[in-house]
Amino acid sequence: KVRGDVYDAIKAKRDEELSSKVPVDIEVTLPDGKTLVENKEGVKYQAWRTTPFDVAATISRGLADNSNVARVTYTAYVSDYDPAEDGMEAADSLADAMGELEIDDVGEKSKMTMLWDMTRALVGSVSKIEFLKFQDDQDARTTFWHSSAHVLGEALERLYGSRLTIGPPLAGGFYYDSYMGDSNAGGALKEDDYKPVETMVAKIIKEKQKFERLVVTKEEALEMFTGNPFKEQIISTKVPDGTRTTVYRCGDLVDLCRGPHLPNTGRIKAFAATNHSATNWLGDTENDSLQRMYGISFPDKKMLKAWKENQEKAKERDHRRIAMKQNLIMFHELSAGSAFWLPHGARIYNKLVNFIREHYWKRGYDEVITPNVYNLDLWHQSGHAMHYKDAMFCFDVEGKEWAMKPMNCPGHCLMFAGKIRSYRDLPIRYADFGVLHRNELSGALSGLTRVRRFQQDDAHVFCREDQIEEEVIGALDFMQSVYTTFGMTYKLELSTRPKKALGDVELWDRAEAALARAMDTFAGKGGWRENPGDGAFYGPKIDIKVMDAMERVHQCATIQLDFQLPIRFDLQYNTGSKEKGNEFARPVMVHRAMLGSVERMFAVLCEHYGGKWPLWLSPRQVMIIPVHKDWNDYCQEVRDKLHDEGFYADVDLSKSTFQKKVRSAQVDQYNFQLVVGGEEVKNGTVNIRTRENKVEGEKKVDELIAYLKEMRAEHK
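Computed from a predicted model, the values in this text were never measured in an experiment. (Residues numbered from 1 in each chain as written. Predicted model: local features only at pLDDT ≥ 70, side-chain atom pairs only at ≥ 80, totals over all residues. Heavy atoms only, no water.)

### Quick look at the overall build of the protein
Reasoning step 1: Looking only at helices and strands, the protein features 22 helices and 34 strands.
Reasoning step 2: Radius of gyration (C-alpha) of the protein: 29 Å, near the 27 Å computed for a compact globule of 716 residues.
Reasoning step 3: In terms of its C-alpha atoms, the protein occupies a principal-axis envelope of roughly 95 × 75 × 65 Å.
Reasoning step 4: With 716 residues in all, the protein has 52% of them scored as buried.
Reasoning step 5: In the protein, the share of contacts with a sequence separation of at least 24, taken over all contacts with a separation of at least 6, comes to 71%.
Reasoning step 6: Looking at the protein as shown, the accessible area adds up to about 33200 Å², and 49% of this sits on carbon and sulfur atoms. (Helix = DSSP H or I, 4+ residues; strand = E, 2+ residues; numbered from the N terminus. Rg over C-alpha atoms; globule rule 2.2 N^0.38 Å. Buried < 20%, exposed > 50% of the residue type's maximum accessible area, 1.4 Å probe, protein only. Contact = heavy atoms within 4.5 Å. Areas by Shrake-Rupley, 256 points an atom, 1.4 Å probe, with all protein chains shown as cover.)

### A short note on the side chain of His 344
Reasoning step 1: Structurally, the position occupied by His 344 is in helix α11 (residues 343-363).
Reasoning step 2: Here His 344 falls in the buried class, since its relative accessible area comes to 19%.
Reasoning step 3: Sequence-distant contacts of His 344, defined by excluding residues within four places in its chain, comprise Asn 327, Leu 328, Pro 619 and Arg 620.

### Looking at the pattern of salt bridges
Reasoning step 1: Evaluation of the coordinates by the stated rule reveals 49 salt bridges.
Reasoning step 2: The residue Asp 86 makes a salt bridge to Arg 213 at a minimum N-O spacing of 3.1 Å. Taken together, the residues Asp 86 in the loop between β3 (69-77) and α4 (95-100) and Arg 213 in strand β9 (residues 212-217) connect sequence positions 127 residues apart.
Reasoning step 3: On the accessibility criterion, Asp 86 (14% relative accessible area) is buried.
Reasoning step 4: For the salt bridge of Arg 529 with Asp 137, the shortest nitrogen-to-oxygen distance reads 3.8 Å. Taken together, the residues Arg 529 in strand β24 (residues 529-531) and Asp 137 in the loop between β5 (124-132) and α5 (138-160) connect sequence positions 392 residues apart.
Reasoning step 5: On the basis of relative accessibility, which here comes to 8%, the residue Asp 137 falls in the buried class.
Reasoning step 6: The network of salt bridges with shared partners includes Arg 71, Glu 130, Asp 137, Asp 139, Glu 493, Arg 529 and Lys 545. (Salt bridge = Lys/Arg side-chain N within 4 Å of Asp/Glu carboxyl O.)

### A look at the sheet that holds strand β19 (residues 400-404)
Reasoning step 1: Overall, antiparallel pairing links the 3 strands, which are arranged β17-β19-β18 in an open sheet. Looking at the sheet topology across the chains shown, the edges are occupied by β17 (373-375) and β18 (394-397). Going from strand to strand, the sheet's axes swing by 35° on average, the running direction of each strand aside.
Reasoning step 2: Bridge count for β18 against β19 is 4 bridges, and the pairing is antiparallel. Its bridge partner being in β19, Phe 395 is matched across the sheet by Trp 402. (Pairing = 2+ DSSP bridges. Axes fitted to C-alpha atoms, helices over the stretch in contact; angles between N-to-C directions.)

### Quick word on the packing of α11 against helix α18 (residues 598-609)
Reasoning step 1: Interaxial distance between α11 and α18 falls to 11 Å at its minimum, and their mutual angle equals 110°. The pairing of α11 with α18 is recorded here as roughly perpendicular in orientation. Remark: the crossing between α11 and α18 carries right-handed chirality. Residues Gly 345, Ile 348, Tyr 349, Leu 352 and Val 353 of α11 touch α18, and the partners they reach there are Val 598, Glu 599, Phe 602 and Leu 605.
Reasoning step 2: Here the contact of α11 with α18 is built from residues that sort into 7 nonpolar, 1 polar and 1 charged. (Parallel < 35°, antiparallel > 145°, perpendicular 65-115°, else oblique. Left-handed = near helix turned anticlockwise from the far one by under 90°. Nonpolar A, V, L, I, M, F, W, Y, C, P; charged D, E, K, R; others polar.)

This is the structure in structure tokens:
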């Protein structure tokens, strides 16, 4: 009640400020280039009055009702709009959590392109407005789940009087962390709490509570959240003195938040509490213990039903379960976060590495080997020590600080700088499967998707600026070949210059134009989307989102331009020019990976295939089954022939029944079972069955080997 009263008092002040703003006519341009200036009734669009919802309703009421959020690019703000006064320059209290979870900061795109609440008045003419729907856009889903996190927070407050901390969206859902008292004294969530939470959320949804945005000063925010030490700490540390930030209200809940949000809670049609766990404030075990509840929500009940079905499939396909069942990897507490690759797992791992090596040979890459440990001075020079040292394994060597490498790029810069380079030498493509180590927190470790020891199919291309387009097209073709082989689809996004970009703006513009031309050439105009302001600080990048058999999105491959490392390492090449001052130029560095981490790709493929590995990747390709022990020697001869041709073949010499041998081979995911009886021995043949128990019939051994070789060569 106190928080609500403070909110109402501050809102009255902001409404008074708003009354002094001058509504002026504005134009709004749609993605197809059509410009609108008024609604269906002929009422002019005006700054401070017209919302994206109003613009969408001009097109159709259905579009307005089904759009979660708008993405707007302003031509210019009106003269009486100040982003700082509007809380737009405040730090995002969820940025750290969202960064750790590797999802976009939906509140910040670029200086003039941003996500905007559907019900928030526009503050200038718009050169492009997009209405984003849950089904079509990740930003729309992130906004939807961010709003759902607020609803979950409201439910936790109502039911348990929880003190809320942070509630970010995830790549697939959301959570809210809250303080519920001493966990040993009953202040802990349990599965029995899921139903009451879901019931309360359903009530909040039915109320169709509006999401209201309010700008507050630092002092007002501290007053509003008095009694919540977690919010007070965020405000004190994240909001600079003399600045403004924003809060959002829905129903009884008022939460510190950058937004944007849905128009109202009624847009959420289906919700489920999915998990819970204990955590600590700011991830520090010395801090208060918190309770985390996870949730998922959708704009359609059918989508929730489909999601639950996919979750059951995902449990069956979990790479940890499959890897244990197939005896591929193991972990041990004496080296947490580092996989032990058992013989059959190492077969798959090496196949993946060799698959990429085959591409390197065809595509003009040179594989290099670089040290695993370096003096920390290297990482100071590269800039990684400043931002990344906490995630590095550091140790003393003869009184100097050294570290295990977490990435390969600085080492490759040393190699490039090791001799004088000519423009004729470029491009130089260094590929490196070096072992990398990152000091992940033990609580963050998860199977093969978050590990401390891993290898990447890492490569760095040093090229001239005029070679960027060609190199990027080559990398995209490489990526397409890899993921087509895996049977996976993909989407491309061009992430452009962020606010904190380093380097010459003109160079950024030229590089972004080169990337855009490369993507147009590769995918066609409209075959990719722009992600404004989401590039790395050192250069623009192409984000490649791949979809697996369960339509889950993974970001494994990447192509990134880097202008900064060549500067930090003073990399140069001889241009061949005699003109004074132009004798040398700096190369552009392209970071690219196709698999990303081999470990993570192994996990993705394990779940994508459900443990049914295609022949070329399979660690168990052929099981030979004698019908009687009299044929054991012949079976061994067939096995040896297959082995000599590079196939993984075994013979089942156990005393099990024939049917059990066949079934066991199928359960163990052998691609083929070769049945051998008297006729097969007499004819020099084998009788072939597939993993799916399809009988393919009798075939000469040499014909079988030729058939398997063809499948392997075609990556089938």
